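Architecture and fold: a report
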Amino acid sequence: MSTHFPFTAVVGQGDLQLALLLNAISPRIGGVLVRGEKGTAKSTAVRALAALLPPVEVVVGCRFSCDPVQPDPACPDGPHEPAFETRPSRMVELPVGASEDRLVGALDIERALSEGVKAFEPGLLADAHRGILYVDEVNLLHDHLVDLLLDAAAMGASYVEREGVSVRHAARFLLVGTMNPEEGELRPQLLDRFGLTVEVAASREPDQRVEVVRRRLAYDDDPAGFVARWADEEAGVRQRVVAARELLPSVVLGDGALLQIAATCAAFEVDGMRADIVMARTATALAAWAGRTEVLAEDVRQAALLALPHRRRRNPFDAPGLDEDKLDETLEEFAEPPQNPQDPQNPHDSQDRQDQQDPQDPQGDDDPDPGPDGPGGGGQPPAPETDGPQGGDGGGQAESGESVPAQAPAAGEQSAVRAAEPFRTKVLSVPGLGEGAAGRRSRARTEHGRTTGARRPRGALTKLHLAATVQAAAPHQRTRGRSGPGLVVRRDDLRQATREGREGNLVLFVVDASGSMAARQRMGAVKGAVLSLLLDAYQRRDKVGLVTFRGSAAEVALPPTSSVDAAAARLESLPTGGRTPLAAGLLKAHDVLRVERLRDPARRPLVVVVTDGRATGGPEPVAHAGRAARLFAAEGHASVVVDCESGHVRLGLAGQLAGELGGTAVTLDELRADSIAGLVRDVQGAQRAQGTQGTQGTSRRAA
């Protein structure tokens, strides 16, 4: 017996349970993405779902879990013997640090070249076939792995190709991903590939929180006994899932419901047609879960609440959500009108009316839970009722209100100014060749990209350089006794391809919030520029951090994170005023980089200082700022100074600061990608230019 925490014992997460069960009924919905804060039973519910799935029959000895009734004709282990066995449904977990070969499988290139055989080692996609594939922290998974994962889920098959050798196998699974939005968002293109999304949050009701703690403590004290006490409820939901699967082919999606689905997707301006298809499949599964053979308006409404919120994001600063009033208005507008037997424009009304009079609900009025509000039946404790996915618009607004409280500014400071509209920025890159996480900013040695050379493999061979391998093996063919057309290849001949692509960097913003920046028009433009750079960092898969300085000190407004929307929220509420402790800001940024280097040594930093260059805070402010800047230059940190000085008379202090940092300076206007013809500004080129003038410039500033 499984000792996982029972699925039906999870408290207060009815929408999460419902979304998981709908995918268990109809895996073609496309999986579930669970978004929410830590400690909200995301992983607990997913791991418990496997116990509710019916067992599967598999061919004996098949590594790909082929169905004995309909075996995969292209299975690498085929043809199969008629023997089969029954085993429980699997739940396979994909670690965040998994490699591509671990996900899709690996081909033994050495045997393929020397023996001419396809020796394939299955990956996690093969293990998850006909089961559940669970990805915790899916937002931290490399983008190319997420693409492979979602492609396999959409096609129901996995393809592995290495140097002309190809293997295909079936890969149909229920995909579940969980994520904490505070740690970064998925791209909208990847969000769209998940069928349903659920927002989860811890309950604010004391009674419900008490029940959560009570059940968890009881489970920890006696896991087997706790699971046994919930066995009847688990069996009831399991039987209901099996019944819904059997009923699903008989569910009718009428033209009226289909029109409501299309109208809803159009009203919320959802891109593409995937949302319409997912809503149709979800509404059908909801009807089957409720024991009906006809899709009703309530099914369409619930399907919209699960399938649309994450598809309405246009940029990373948009919060997912759905206006339920607008949804109700749309459904009411496109509801089927009352049937009128005298209406000459509806010749089928008579038959439609007669069909509607036939009872469709086998449970009748005795069903205490006729609506698909959550997993029920079997004596399961009822989940709290909700109008939509937890953590929707209402909760988000409350949290937003708490994160940016409305309060009077302190003496000497001005209230926060709204940012100007963001724009497309120039590409700022770090010089040299890095080895950081895959991204889209700076040059780096990566697993994917253009081939630049070859080397001996360190460990398992992953990317064969065929020409270099043949070149290494060719001189030894006579001594190895080659007699036929084939090439005699030994392990020492194999060469790994080295590739160059792009990496993500740590973009650390050091923002001047002092009184000299406090003019509302200037600060709005500055915030708009930083917001534009944040959007660029999101698109290029960077981590971001935010340091601000004003008055007499600097502070870390946001430690390095993958969540650019968190940085945008901190920027939006940033007040201004006071003196300009430029040295304190640079030293605080230096401390942040020092700590981050210990955590993630492969990720190279790019420091973006947003200031007018004035230094007025603390003793000897100019001298201290110069020493802090030269400390950056000595450690080789790539830097850019965004010059915010405005007016007819300019002192050029930001340019001097850039020279001492060993970086480059750009004005707010020059930061725009369309301001000049050159769209790419490499920091390395600026450093070279500064190197020839640095000594002379320093002498002039001292004078």
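Rules behind the numbers
Residues numbered from 1 in each chain as written. Predicted model: local features only at pLDDT ≥ 70, side-chain atom pairs only at ≥ 80, totals over all residues. Heavy atoms only, no water. Salt bridge = Lys/Arg side-chain N within 4 Å of Asp/Glu carboxyl O. 1 Å grid on protein atoms, 1.4 Å probe; cavity = no way out; pocket = protein on both sides within 12 Å on 5 of 7 lines; lining within 4 Å. Points joined across faces, edges and corners; volume = space filled by probe spheres on them. Helix = DSSP H or I, 4+ residues; strand = E, 2+ residues; numbered from the N terminus. Nonpolar A, V, L, I, M, F, W, Y, C, P; charged D, E, K, R; others polar. Patch = residues over 30% accessible without salt bridge, like charges linked within 9 Å, V, L, I, M, F, W, Y side chains within 5 Å. Areas by Shrake-Rupley, 256 points an atom, 1.4 Å probe, with all protein chains shown as cover. Axes fitted to C-alpha atoms, helices over the stretch in contact; angles between N-to-C directions. Parallel < 35°, antiparallel > 145°, perpendicular 65-115°, else oblique. Left-handed = near helix turned anticlockwise from the far one by under 90°. Contact = heavy atoms within 4.5 Å. Core = buried A, V, L, I, M, F, W, Y, C linked by side-chain atoms within 4.5 Å. Buried < 20%, exposed > 50% of the residue type's maximum accessible area, 1.4 Å probe, protein only. Disulfide = S-S within 2.5 Å. Expected span 1.5 Å × (residues − 1). Arc of directions from axis to C-beta. pLDDT = per-residue confidence, 0-100. Pairing = 2+ DSSP bridges.

The next thing to look at is the pattern of salt bridges. Counted according to the given criterion, the structure contains 30 salt bridges. The salt bridge partner of Arg 292 is Glu 298, with a shortest N-O separation of 3.7 Å. Via salt bridges that share partners, Arg 441, Asp 536, Arg 540 and Asp 542 belong to a single interconnected network.

Quick look at empty space enclosed by the protein now. One pass over the full model with this rule turns up one cavity of 30 Å³ or more. What lines the largest cavity is simply Leu 428, Arg 441, Val 507, Phe 509, Leu 533, Asp 536, Ala 537, Leu 606 and Val 608. Mapped by element, the contributors of at least two residues to the lining of the largest cavity are strand E16 (506–512), helix H18 (520–539) and strand E19 (605–611). Per-element tally for the lining of the largest cavity: the top contributor is H18, with three residues. Its residues assigned to classes, the lining of the largest cavity shows seven nonpolar, no polar and two charged.

On the surface, Val 212, Val 213 and Leu 217 cluster together to form a nonpolar patch covering roughly 250 Å² of accessible area. Following the sequence through the fold, Leu 217 ends up in helix H8 (residues 206–221).

Attention now goes to the packing of helix H1 (residues 14–25) against helix H10 (residues 231–247). Running from N to C, H1 and H10 cross one another at 45 degrees; their axes reach a closest spacing of 9 Å. On the basis of the axis angle, H1 is oblique to H10. Considering how the two elements wind past one another, H1 and H10 form a crossing that is right-handed. Here H1 contributes Leu 21, Ala 24 and Ile 25 to the contact with H10, which in turn contributes Val 237, Val 241, Ala 244 and Arg 245. Looking at the contact of H1 with H10, its residues break down into six nonpolar, no polar and one charged.

If you look at the biggest cluster of nonpolar residues, it comprises 57 residues, and the most contacted ones within it are Leu 20, Leu 21, Leu 22, Leu 49, Met 279, Trp 289 and Leu 308. Contact partners of Leu 22, with chain neighbours within four places excluded, come to Ile 29, Thr 282, Ala 285, Leu 286, Trp 289 and Leu 306. Counting residues in each nonpolar core, the second largest holds 38 residues, with Val 417, Phe 423, Val 507 and Leu 574 among its members.

Turning our attention to the state of the cysteines. Simply put, disulfide is the name for a covalent bond between the sulfur atoms of two cysteines. All told, the structure shown has zero disulfides when counted by the stated rule. Not engaged in a disulfide, the cysteine Cys 66 finds its nearest cysteine sulfur in Cys 75; these two sulfurs lie 3.6 Å apart. Residue class for Cys 75 comes out buried when judged on its relative accessible area of 6%.

Once that is clear, we can look at helix H21 (residues 621–635). Spanning 15 residues, H21 covers 22 Å between terminal C-alpha atoms, matching the ideal 21 Å at 1.5 Å per step. For H21, the complete set of buried residues consists of Pro 621, Ala 625, Gly 626, Ala 628, Ala 629 and Phe 632. Across the axial projection of H21, the buried residues extend over an arc of 165 degrees, all falling on one side. On its buried side, H21 packs onto helix H20 (582–599), E19 and helix H22 (653–661). At the exit of H21 stands Gly 636, carrying a positive phi of roughly 75 degrees.

It is worth spelling out the confidence of the model for the chain at this point. Counting all residues, the mean pLDDT for the chain is 80, and 80% of those residues have values of 70 or more. Mean pLDDT values over the elements of the chain span from 38, in helix H16 (residues 393–403), up to 96, in helix H12 (residues 274–289). Note that residues 676–682 has pLDDT below 50 and, in this model, 14 contacts with residues that lie over four places away or in other chains. Below a pLDDT of 50 lies the segment residues 692–703, which in the model reaches two contacts outside its immediate sequence neighbourhood of four places, other chains included.

Counting through the fold element by element, Ala 202 comes out in the loop between strand E11 (196–200) and H8. Ala 202 sits in the partly exposed class, given a relative accessible area of 23%. Expressed as a C-alpha distance, the spacing of Ala 202 and Val 11, which sit 191 residues apart in the sequence, is 9.9 Å. Among all residues touching Ala 202, those that are not within four sequence positions of it are Glu 37, Thr 40 and Arg 209.

Attention shifts here to the pairing of E16. Among the seven residues in E16, seven count as buried, and that is most of the element. The alternating pattern of E16 places Leu 506, Leu 508, Val 510 and Asp 512 and Val 507, Phe 509 and Val 511 on opposite faces, both of which are buried. The sheet contact formed by E16 and strand E17 (residues 543–550) spans seven bridges and is parallel. Opposite Val 507, over in E17, you have Val 544 as the bridge partner. One ladder, built from six bridges, connects E16 with E19; its direction is parallel. Counted as the bridge partner of Val 510 is Val 609 from E19.

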